[in-house]
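Okay, here's what each chain looks like letter by letter:
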Amino acid sequence: MSQSSPLEIVIAGGGTAGWVAAATFARFLGNRASITLVESDEIGTVGVGEATIPQIHNLIVGLGLDQADFLRRTNASFKLGIQFAGWSGEGSEYIHSFGQTGRGVGLIPFRQLWLRGRALGVAQDFGEYSYNIAAARLGRMAKNAGTKTIPDLAYAYHFDASLFARMLRDYAEERGVRRVEGKIVDVERDAENGDIRALSLEGERRLAGTFFIDCTGFRSLLLGTTLEVPYIDWSHWLPCNSALAVPCESSDAFRPYTQATARSAGWQWRIPLQHRTGNGHVYCNAFLSDDEAAETLLANLDGAALADPRPIRFTSGRRAQFWSHNCLALGLAAGFMEPLESTSIHLVQSALGRLLNLLPGDLTRTASARETFNRLSDSEWARVRDFITLHYYANQRDGEFWEECRRMQLPDTLVEKIELFLDSGLFLREEEELFLDDSWGQVMIGQGIMPESWSPLADNVPAEDIGPFLESVARSYRLRAETLPTHRQFVADMVGDPVKERQ
Ligand SMILES: Cc1cc2nc3c(=O)[nH]c(=O)nc-3n(C[C@H](O)[C@H](O)[C@H](O)COP(=O)(O)OP(=O)(O)OC[C@H]3O[C@@H](n4cnc5c(N)ncnc54)[C@H](O)[C@@H]3O)c2cc1C
């Protein structure tokens, strides 16, 4: 009986979140569910969101997309990490790279050896021991670029978010997803249990379903407006509330990484795509006017602007529950943490993975799944929030905005992380934590939070061997990176001529 309860999924909204959801359901529930997506061309999408993290591979591989086709259709480039410029004061710079920094010796973690080497005065900058960073700085990229002792480069993509949504729409429609064009004007609820029964569309149309996915963006029409799930405001930890986005012509530099450059009250992103560069200025409007923000953005482009800057306002935070009644919110409808670590698309993906694992065959028995889903999502979002907050808190910049960030009262979970790192130089991965030890370590060290001691484990290596060991690691990465093709060449070889022509 249970397996025969109808799964009629209605997705409200067709931005990146809506089409990622539609494609995922079509791939994994296609033979079991009817899937309908409603969107309104008149309302449109946010349309930004061009940088990803390596977990995007789970989506691409999971859907069975061809990598070269994906690169071609979305004008994508490769991303080896994020360069943070100016966060520890003007002129400072570090890269938070994907992949691992250094290599341990037996059970001795690399970072502990580095800390000891630092105390001995024989260690270079921590970033010198990352293969990803060596390749990024040289503008190189390759797949299967490792050796017996060097791991492959860990990468994600930059892409045109609108083209990606379009690609997923084609994918979903080819697999039976029905797309309805129209504006949702009302939501019909069950008088007894409060579940959503149908969406009313303009023109007196009605879209009934048994499970609803709210992907209506910041409006959060179903979860927020209809089911009245409150919004938890995190702007005391993530103070930026405004963004201006503008594409510009490509420059000669086709960097395989995102740039996040600190400005007077926020930061500016630069994301190289095959056909253009994406730029944006994320800032706090209590410290900087919109006009000043636009001026700074336009004065710091790599090439001529291709449009007027587009303003977006937001409040970092999340809905108190992500799944309420028979409605689950994804993307901006669920919440938003500013884009410093490019985490939003990943949070859509991971929520979908969690839902697919938890969704019971019998839709009348979702209470335990819902509770577990919300608990795990709470934990995941809080850890990402802490990670982004760390960048603001641990800044060493001048100016009122940055000084105020340094004075913020941190969440207890982040205080614990910093204290453990200062005392032991390590991080422990908590439940559903996205960023791993290496990411935390790179950002802490990159922004000047430094343990003054090291694990006694590192004392197992004789002091005179530490320097040569560190040097051999850095050297092997550097030399290997020098043999790789340029990022431009690598993309050109995968997609054909457009990038090559500009060489
Ligand atoms: C400044 C900024 C930078 C970002 N950068 C990144 C990044 O680098 N990496 C990353 O992963 N993420 C990033 N994001 C987040 C990313 O843009 C979003 O997560 C992603 O685009 C998902 O948006 P969405 O689909 O939830 O909402 P939207 O794109 O807003 O889509 C909402 C959909 O709902 C529909 N809709 C709304 N109301 C109605 C209605 N009444 N009737 C019918 N349809 C309706 C709209 O038509 C639209 O189709 C960024 C976000 C911002 C604001």
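Residues numbered from 1 in each chain as written. Predicted model: local features only at pLDDT ≥ 70, side-chain atom pairs only at ≥ 80, totals over all residues. Heavy atoms only, no water.

S.K.: Account for a negative patch on the surface, with residues named and values stated.
M.R.: On the surface, Asp412, Glu416, Glu419, Asp423 and Glu430 cluster together into a patch of negative charge. Mapped onto the elements, Asp423 comes out in helix α12 (residues 412-424). Judged by relative accessible area, Asp423 falls into the exposed class, the value being 59%. (Patch = residues over 30% accessible without salt bridge, like charges linked within 9 Å, V, L, I, M, F, W, Y side chains within 5 Å. Areas by Shrake-Rupley, 256 points an atom, 1.4 Å probe, with all protein chains shown as cover. Salt bridge = Lys/Arg side-chain N within 4 Å of Asp/Glu carboxyl O. Lys, Arg positive; Asp, Glu negative; His and termini not counted. Charge placed at Lys NZ, Arg CZ, Asp CG, Glu CD. Helix = DSSP H or I, 4+ residues; strand = E, 2+ residues; numbered from the N terminus. Buried < 20%, exposed > 50% of the residue type's maximum accessible area, 1.4 Å probe, protein only.)

S.K.: I'd like to hear about the environment of Pro239, residue by residue, with values.
M.R.: Note that Pro239 resides in the loop between β12 (231-233) and β13 (242-248). It is 31 Å that separates the C-alpha atoms of Pro239 and His57, two residues lying 182 residues apart in sequence. The contacts of Pro239, once residues within four sequence positions are left out, are Cys284, Tyr392, Phe401 and Cys405. (Contact = heavy atoms within 4.5 Å.)

S.K.: For the sheet that holds strand β9 (residues 196-201), give the residues involved together with the corresponding values.
M.R.: Taken together, the 3 strands give an open sheet; going across it, the order is β8-β9-β10, and neighbouring strands pair in antiparallel fashion. Across the chains shown, the open sheet's two edge strands, defined by having one partner strand only, are β8 (184-189) and β10 (205-208). Within the sheet, the average angular offset between the axes of one strand and its neighbour, ignoring direction, is 25 degrees. Pairing of β8 with β9, which is carried by 5 bridges, proceeds in the antiparallel orientation. (Pairing = 2+ DSSP bridges. Axes fitted to C-alpha atoms, helices over the stretch in contact; angles between N-to-C directions.)

S.K.: Can you lay out helix α1 (residues 16-29) for me, pointing to particular residues and giving the numbers?
M.R.: Helix length check: α1, at 14 residues, gives a terminal C-alpha distance of 19 Å against a target of 20 Å (1.5 Å per residue), a fit within 8%. Among the 14 residues in α1, 11 count as buried, and that is most of the element. (Expected span 1.5 Å × (residues − 1).)

S.K.: I'd like a description of the layout of surface pockets, backed by residues and values.
M.R.: Taken as a whole, the second largest pocket spans an internal volume of roughly 310 Å³. Around the second largest pocket, the lining is made up of 17 residues, and of these Gln55, Gly99, Leu434, Leu436 and Ser439 lie nearest the centre. For the lining of the second largest pocket, the secondary structure elements donating two or more residues are β5 (93-97) and α13 (437-446). With 3 residues, the top contributor of residues to the lining of the second largest pocket is α13. Here the residues of the lining of the second largest pocket sort into 7 nonpolar, 6 polar and 4 charged. (1 Å grid on protein atoms, 1.4 Å probe; cavity = no way out; pocket = protein on both sides within 12 Å on 5 of 7 lines; lining within 4 Å. Points joined across faces, edges and corners; volume = space filled by probe spheres on them. Nonpolar A, V, L, I, M, F, W, Y, C, P; charged D, E, K, R; others polar.)

S.K.: Now, about the packing of aromatic side chains: what can you tell me, with residues and values included?
M.R.: Enumeration over the complete set of coordinates arrives at 31 aromatic pairs. Pairing Tyr392 with Phe401 gives two aromatic rings, centres 6.3 Å apart and planes at 85 degrees, and the pair type is edge-to-face. The pair Tyr392 / Phe401 is uniform in exposure class, with both members buried. One aromatic cluster in this structure is built from Phe70, Phe78, Tyr155, Tyr157, Phe159, Phe164 and Phe490. Sitting over the face of the ring of Trp440, Lys417 holds its NZ or CZ atom 4.9 Å from the ring centroid. (Phe/Tyr/Trp six-rings, centres within 6.5 Å; stacked < 30°, edge-to-face > 60°. Lys NZ or Arg CZ within 6 Å of the ring centre and 35° of its normal.)

S.K.: Describe unusual backbone geometry, with residues and values.
M.R.: Even without a glycine there, the phi angle at Asn75 is positive, about 55 degrees. Mapping Asn75 onto the fold places it in the loop between α3 (67-74) and β3 (77-79). Overall, the relative accessible area of 17% leaves Asn75 in the buried class.

S.K.: Account for empty space enclosed by the protein, with residues named and values stated.
M.R.: For the structure on display, the rule yields 1 cavity of 30 Å³ or more. In this structure, the largest cavity is lined by Thr52, Ile53, Gln55, Ile56, Ser342, Ile345, His346 and Gln349. Of all the elements, helix α9 (residues 344-358) adds the most residues to the lining of the largest cavity, at 3 residues. Split into classes, the residues belonging to the lining of the largest cavity amount to 3 nonpolar, 5 polar and no charged.

S.K.: Residue-level account of the nonpolar core, with values.
M.R.: Core analysis: the biggest nonpolar cluster contains 167 residues, and Ile11, Phe25, Leu199, Ile213, Leu330 and Tyr392 have the highest contact counts within it. With 9 residues, α1 is the single largest residue contributor to this core. Once residues lying within four places of it in the same chain are set aside, the contact partners of Ile213 are Ile9, Val10, Ile11, Ala12, Phe25, Leu222, Leu328, Leu330 and Leu355. (Core = buried A, V, L, I, M, F, W, Y, C linked by side-chain atoms within 4.5 Å.)

All we've got here are geometric facts, nothing functional implied.
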